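These are the residues of each chain, in order.
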Amino acid sequence: MSTHAVTRRLAVATSADHPAIQPDDAHLAASLEQLGVRPVVCVWNDPTLDWSAFDAVLIRTIWDYFKHHAAFLDWLDRLDRLGIPTINDSALLRWNSDKRYLLELARHGVAIIPTRLATASALPGALAAMSGQSVVVKPNISGSAWRTLRGTAGDAAFAAAVAQLPRGHDYLVQPFVPEVVSDGEWSLLYFAGTFSHAVIKRPAAGDYRVQGEYGGSAEPAQPDAAILAAADRALAAVAAIGHGDHAYVRVDGVVSGGRFLVMELELIEPFLHLAAHPAAAERLARDVAARLSPVALADAR
């Protein structure tokens, strides 16, 4: 039972493939209820939904947005016109939805995996300049390794696979970092700008993808001071770019050559690893509830 009178309705944005509150978010939802916020599951691209019935939209498992990117941007535009704030902010969501933000971070001094951006037609030339190297090619708008290829630049079979990639995307071309397999990929979770907890994700044997749908695993881990400092620098760069406020962020990266290299900043729909950290779920719930206060909503609108 809620310890507060319910005064706010919060749309929890999900996808048609994952329409329910996921187990990892269950305590977050319960904590919101305890704070007088009623979370209502809403599939983000359901055309029948009246978004004006909600005080705000919390982005959670919209795990197909990158497959419908134009519709996603239109949806954010619609929410903006209705004056319905999103958590995280819609401008931040737009920025984070296109992976070319990594190049912007690099211009602000953030150590990232070396990245080239190429149109589909320019991919052969970009790969020719990396002949013999193990590389990863991924769309600039993607998620969960969607349409991502790994291979050796100059290899005929890999070139044939690259040639089959859709023409309508730009692509990131990066050297493959073997430490992802040998040492694992870090995910550092921050709520309201403060570090909370971290996990190391590892791919299944014979794979390089750390996502659970490919057999990847995650285990709790404590980052050292250098890793935390690198993640903090990345978030400082995001603030310098103009996106200083966020309820949640996951900083993904790998230690290579003694440096923490940012692979992604997940500010849209990251898996937050909350099930093992109920106190973190409660902190996030308190921050979300604060954003739904009358004063905060008036400022957001």
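Thresholds applied
Residues numbered from 1 in each chain as written. Predicted model: local features only at pLDDT ≥ 70, side-chain atom pairs only at ≥ 80, totals over all residues. Heavy atoms only, no water. Domains from an automatic or database assignment. Contact = heavy atoms within 4.5 Å. Buried area = accessible area lost by both parts, 1.4 Å probe. Salt bridge = Lys/Arg side-chain N within 4 Å of Asp/Glu carboxyl O. Polar contact = N/O pair within 3.5 Å; in protein donor to acceptor, adjacent residues only side chain to side chain. Nonpolar A, V, L, I, M, F, W, Y, C, P; charged D, E, K, R; others polar. Helix = DSSP H or I, 4+ residues; strand = E, 2+ residues; numbered from the N terminus. Buried < 20%, exposed > 50% of the residue type's maximum accessible area, 1.4 Å probe, protein only. Phe/Tyr/Trp six-rings, centres within 6.5 Å; stacked < 30°, edge-to-face > 60°. Lys NZ or Arg CZ within 6 Å of the ring centre and 35° of its normal.

## Quick word on the domain arrangement of the protein chain
Link 1 in the chain: Looking at the protein chain, the domain boundaries give domain 1 (8–88 + 276–299), domain 2 (97–112 + 179–267) and domain 3 (116–176).
Link 2 in the chain: Inter-centroid distance (C-alpha atoms) of domain 1 to domain 3 is 34 Å.
Link 3 in the chain: Counting from both sides, the interface comprises four residues of domain 1 and, opposite them, four residues of domain 3.
Link 4 in the chain: Taken over both partners, the interface formed by domain 1 and domain 3 buries close to 400 Å², and the fraction arising from carbon and sulfur atoms is 77%.
Link 5 in the chain: If you sort the residues of domain 1 by the area they bury against domain 3, Phe66, Lys67 and His69 come out on top, with a joint share of 92%.
Link 6 in the chain: At the boundary of domain 1 and domain 3, one finds zero salt bridges.
Link 7 in the chain: At the junction of domain 1 with domain 3, the criterion picks out zero residue pairs in polar contact (both at pLDDT 80 or more).
Link 8 in the chain: Along the lines of polarity and charge, the residues of the side of domain 1 that touches domain 3 split into two nonpolar, one polar and one charged.

## Points about unusual backbone geometry
Link 1 in the chain: Omega for the peptide link from isoleucine 87 to asparagine 88 comes to 5°, which places this bond in the cis form.
Link 2 in the chain: Secondary-structure assignment places asparagine 88 in the loop between β4 (86–87) and α3 (90–96).
Link 3 in the chain: For alanine 192, which is not glycine, the phi torsion reads 50° and is therefore positive.
Link 4 in the chain: Its relative accessible area of 41% is what places alanine 192 among the partly exposed residues.
Link 5 in the chain: A positive phi angle, near 55°, is found at histidine 273, a position not held by glycine.
Link 6 in the chain: Relative to the helices and strands, histidine 273 is located in the loop between β13 (259–266) and α9 (278–291).

## As for the packing of aromatic side chains
Describing an aromatic ring pair means giving the distance of the ring centres and the angle of the ring planes.
Link 1 in the chain: This structure, assessed with the given rule, holds 11 aromatic pairs.
Link 2 in the chain: Both rings, one in phenylalanine 176 and one in tyrosine 208, keep their centres 6.1 Å apart while their planes meet at 90°; by these two values the pair is edge-to-face. One end of the pair, phenylalanine 176, is in the loop between β8 (170–175) and α7 (179–182); the other, tyrosine 208, is in the loop between β10 (194–202) and β11 (217–220), with 32 residues separating them in the sequence.
Link 3 in the chain: For tyrosine 208, a relative accessible area of 17% puts it in the buried group.
Link 4 in the chain: Look at tyrosine 190 and phenylalanine 195: their rings are 5.6 Å apart centre to centre, the planes differ by 70°, and that puts the pair in the edge-to-face class.
Link 5 in the chain: One residue, arginine 60, lies across the ring of tyrosine 248, its end atom 5.8 Å from the ring centre.
Link 6 in the chain: Note that arginine 150 overlies the ring of phenylalanine 176, its terminal NZ or CZ placed 3.7 Å from the centroid.

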